[in-house]
Amino acid sequence: MYVKTPEFVRHAERVVEVTDVTSRLNALPFSDSEGRAELLSVVFGGPLPESVTIYPPFFTEYGLNTTFGRNVFVNQGCTFMDKGGIRIGNGVMIAPRVSLITGGHPLPPAERREYLSFAPIVIEDDVWIGAAAVITQGVTVGAGSVVAAGAVVTRDVPAGTLVAGVPARVVKAID
């Protein structure tokens, strides 16, 4: 996305709107589940399934490009930069401070402030993402896999595996 376009202006307006809403969400008393549901509905463009739990604080820049399966748990302090699209499957558990980042910038210095690039993240069913893991744009995390705490995932994770490290690599298959 070239930053000097009407599309970027609309994106920037949405960022301001969602940042305002998430700042209000993150200031609510935790016991205000009705208020939290209402604000999350604004962030995600409609009500979340009842089986989806998101603990604040929660951060996102866009919100409209995230979809959730059933029985999803998102712990405190997570960041979903979802302009490129985030699809979260059924039974996914996301630990505190996880970042799902679908956007980036070109490598050449002259282009970094001029363009944004986006690619989706897909988290398949029954995935567990450990604390403070980072998953970058264009990655699919296969069904039943585990991303270890602190891992930085820059390429697809095969189903039924444990990945760890920076950059994340397959450590073992999960029985």
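Check the entry above for the structure.
Being a predicted model, the structure only gives us computed values, none of them experimental. (Residues numbered from 1 in each chain as written. Predicted model: local features only at pLDDT ≥ 70, side-chain atom pairs only at ≥ 80, totals over all residues. Heavy atoms only, no water.)

## Re the pairing of strand β17 (residues 161-164)
Side chains on a regular strand alternate between the two faces of the sheet. Selection rule: The criterion for strand pairing is that DSSP finds at least two bridges linking the strands in question. For the purposes of this entry, the term helix denotes a DSSP run of H or I that reaches at least four residues, the term strand denotes a run of E that reaches at least two, and both are numbered from the N terminus.
Two elements, strand β15 (residues 146-147) and β17, share 2 bridges in a ladder whose sense is parallel. Within β17, the residue paired with V146 across the bridge is L162. Taken together, the 4 bridges between β17 and strand β18 (residues 169-173) define a ladder with antiparallel strand orientation. The partner of A164 across the bridge, within β18, is R169. Counted between consecutive antiparallel strands, the loop separating β17 from β18 contains 4 residues, among which G165 sits at a positive phi close to 100 degrees.

## Some details on the nonpolar core
Filter applied, for reference: Among the buried residues, those of types Ala, Val, Leu, Ile, Met, Phe, Trp, Tyr and Cys that are joined through side-chain atoms within 4.5 Å form a nonpolar core. Think of it in three bands: residues with accessible area under 20% of the maximum for their type are buried, residues over 50% are exposed, and the middle band is partly exposed, with areas taken using a 1.4 Å probe on protein chains only. We call two residues in contact when some of their heavy atoms are within 4.5 Å.
Of all hydrophobic cores here, the largest spans 35 residues; its most connected members are F80, I88 and I129. Counting residues per element, the ones that place at least two in this core are α1 (6-25), α2 (33-44), β5 (78-81), β6 (86-88) and β11 (121-123). Considering each element in turn, this core owes the most residues, 4 residues, to α2. When neighbours within four sequence positions are excluded, I88 is seen to be in contact with T66, T67, F68, G69, V72, F80, I94, L100 and I123.

## Quick look at the packing of α1 against α2
Threshold: Axis definition: a line fitted to C-alpha atoms, limited for helices to the stretch in contact. Angles are taken between N-to-C directions and run from 0 to 180 degrees. Between 65 and 115 degrees an angle is taken as roughly perpendicular, under 35 as roughly parallel, over 145 as roughly antiparallel, and anywhere else as oblique. Crossing handedness: left-handed means the near helix sits turned counterclockwise from the far one by under a right angle, and right-handed means the same turn made clockwise. Amino acid classes used here: Ala, Val, Leu, Ile, Met, Phe, Trp, Tyr, Cys and Pro are nonpolar; Asp, Glu, Lys and Arg are charged; the rest, including Gly, are polar.
The geometry of α1 relative to α2 is characterised by a closest axis approach of 10 Å and an angle of 165 degrees between their N-to-C directions. Relative to α2, α1 is oriented roughly antiparallel. Once α1 is placed against α2, the crossing between them reads as left-handed. In this structure, α1 contributes R14, E17, V18, V21, T22, R24 and L25 to the contact, and α2 contributes R36, L39, L40, V42 and V43. In the contact of α1 with α2, the residues fall into 7 nonpolar, 1 polar and 4 charged.

## Here's the deal with the layout of surface pockets
Threshold: Put simply, the grid is 1 Å and covers the protein atoms alone, a cavity is a trapped set of points that fit a 1.4 Å probe, a pocket is an open set with protein on both sides within 12 Å along at least five of seven lines, and lining residues have an atom within 4 Å of a point. Grid points are joined across faces, edges and corners, and a volume is the space filled by probe spheres set on the points.
Reported here for the largest pocket is a volume of approximately 270 Å³. The wall of the largest pocket is formed by S33, R36, A37, L40, P47, L48, P49, E50, V52, T53, I54 and Y55. Elements supplying a minimum of two residues to the lining of the largest pocket: α2 and β1 (53-54). Per-element tally for the lining of the largest pocket: the top contributor is α2, with 4 residues.

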